[in-house]
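# Inside the fold
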Amino acid sequence: MTTTEAFEYLDLLLDKADQPYFIDSEKEKFINLAITEFINKYYDKIDSNSESRTALNGLYKFAQQDSADIATWNFANRYDITDNFFMYPIAVKVNDNEAEFKGYKEYVEDLSTSDPFNKSNTDYPSYVVNNNGINMNPAPTTYFRLVYLYRPTITEAFDDGKVQENYQIEILNIASRKMFANIESQSYEMQSIETERGINQ
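Keep in mind it's a predicted model, so treat the numbers as computed, not measured. (Residues numbered from 1 in each chain as written. Predicted model: local features only at pLDDT ≥ 70, side-chain atom pairs only at ≥ 80, totals over all residues. Heavy atoms only, no water.)

A separate point is the overall build of the protein chain. From N to C terminus, the protein chain includes eight helices and eight strands. When the 201 residues of the protein chain are sorted by exposure, 42% land in the buried category. (Helix = DSSP H or I, 4+ residues; strand = E, 2+ residues; numbered from the N terminus. Buried < 20%, exposed > 50% of the residue type's maximum accessible area, 1.4 Å probe, protein only.)

Printed below as a string of C-alpha cells:
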C-alpha cells in the first residue's frame, strides 16, 4: 500500500461514517500518531509474542562504534542518541558481551554497590536509557553496538514497505479512530465497530 492509497482508505472510512473531509496534512498528523501507538502496542509484548516481532520487523536500526569512535565520546560510558526517531532499545553490546537493560534507579544502585555478586562488570555489563543517550557500566573501550526501534515516516511505513500491509491497515484503523475521537454520533459508533473488525476494502 502506498501513501496515496492510505489516504484514499481513510477517505473511504470518512465517507462510510458520513463525516467531513480531512486534508492530506491533517491525515498525516493522525497517521503519525497512529504509527507511534502501533509501535508502543507491539513493543510491550516483543519479548514474548512472535506476532509483535513480526509487526515491528522492518523498524530496527543499528548503531555501531569502534575504539576510534568511542574515544571521541563526551563521556566514556555514554553514547548520545542522534536519531530523532529513536523509540526503544532492543539490544546493546559492550565490547564482546551483550549488556543487560536496567531501570534508572537499578542502574544507579549498580554503580554504587560494593557487592561483587550483584555488580555489573566486563563480562556482564549493563545499560540504561537516560536523556537521549545510552549509559553503560562499565564503559566500552573497543566496541559498542545498539539495536533499536525507530518510528518510521509515513513514506517509509507505506511507500517503502517498512510495515507489512496487514499492519498498515491496522495503523490506518488506529488513525481513523483518532480522527473520530471527538465526534459523538451514531455514525461514529458504527465507524468504531468497522475499524475494530479491521475492514480492508
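We now examine the packing of helix α1 (residues 3-16) against helix α7 (residues 165-179). Orientation of α1 relative to α7, taken along the N-to-C sense of each, is 45°, at an axis distance of 10 Å. Considered as vectors, α1 and α7 are oriented oblique to each other. Of the two elements, α1 crosses α7, and the hand of that crossing is right-handed. Together, A6, Y9, L10, L13 and L14 of α1 and I169, L172, N173, A175, S176 and M179 of α7 make up the contact between the two elements. Tallied by class, residues from the contact of α1 with α7 come to nine nonpolar, two polar and no charged. (Axes fitted to C-alpha atoms, helices over the stretch in contact; angles between N-to-C directions. Parallel < 35°, antiparallel > 145°, perpendicular 65-115°, else oblique. Left-handed = near helix turned anticlockwise from the far one by under 90°. Contact = heavy atoms within 4.5 Å. Nonpolar A, V, L, I, M, F, W, Y, C, P; charged D, E, K, R; others polar.)

A few words now on the layout of surface pockets. To find leftover empty space, a probe the size of one water molecule is rolled over the atoms. Taken as a whole, the largest pocket holds about 210 Å³ of empty space. Forming the boundary of the largest pocket are Y43, I46, D47, R53, Y60, P89, I90, A91, A99, E100, F101 and Y127. When contributions to the lining of the largest pocket are tallied by element, the ones reaching two or more residues are β3 (86-94) and β5 (100-101). Ranked by the residues each element gives to the lining of the largest pocket, the list is headed by β3, at three residues. For the lining of the largest pocket, a count of residues per class yields nine nonpolar, no polar and three charged. (1 Å grid on protein atoms, 1.4 Å probe; cavity = no way out; pocket = protein on both sides within 12 Å on 5 of 7 lines; lining within 4 Å. Points joined across faces, edges and corners; volume = space filled by probe spheres on them.)

This brings us to the sheet that holds strand β1 (residues 60-66). Strand order in this open sheet of four strands is β1-β8-β3-β4, and the pairing throughout is antiparallel. In this open sheet, the two strands that pair with only one neighbour each are β1 and β4 (97-98). Inspection of the sheet shows β3 paired to strand β8 (residues 143-150) by seven bridges, in the antiparallel sense. Across the sheet, residue F86 finds its bridge partner in β8, namely Y150. (Pairing = 2+ DSSP bridges.)

With that settled, consider the sheet that holds β5. Read across the open sheet, the four strands follow the order β2-β7-β6-β5; overall the sheet is mixed. The open sheet has two free edges, formed respectively by β2 (78-80) and β5, since each of these has just one partner strand. For strand β6 (residues 126-129) and strand β7 (residues 133-137), the ladder comprises four bridges, and the chain directions are antiparallel. Paired with S126 across the strands is N137, a residue of β7.

Turning next to unusual backbone geometry. Residue N137 is joined to P138 through a cis peptide bond whose omega torsion reads -5°. For P138, the position within the fold is in the loop between β7 and β8. A positive phi is found at N131, a non-glycine position, where the angle reads about 50°. The phi dihedral of N132 is positive, around 60°, even though this residue is not glycine. Examined against the element boundaries, N132 turns out to sit in the loop between β6 and β7.

With that settled, consider the environment of I31. Within the secondary structure, I31 sits in helix α2 (residues 24-43). Among the residues examined, I31 registers a relative accessible area of 0% and is labelled buried. For the pair I31 and A6, spaced 25 residues apart in the sequence, the C-alpha separation amounts to 9.3 Å. Excluding anything up to four places from it in sequence, I31 contacts F7, L10, I154, F158, I171, L172 and A175.

On to the packing of aromatic side chains, then. The geometry of two aromatic rings is summed up by the distance between their centres and the angle between their planes. Under the definition given, this model contains ten aromatic pairs. Ring centres of F38 and Y42 lie 5.0 Å apart, and the angle between their planes is 65°; this geometry places the pair in the edge-to-face category. One end of the pair is F38 and the other is Y42, both in helix α2 and four residues apart, which spans about a single turn. Note on accessibility: F38 and Y42 belong to one class, buried. A ring pair is formed by Y79 and F144, whose centres lie 4.8 Å apart and whose planes are at 35°; its orientation type is tilted. Here Y79, found in strand β2, pairs with F144, found in strand β8; they are 65 residues apart in sequence, far enough to count as distant. (Phe/Tyr/Trp six-rings, centres within 6.5 Å; stacked < 30°, edge-to-face > 60°.)

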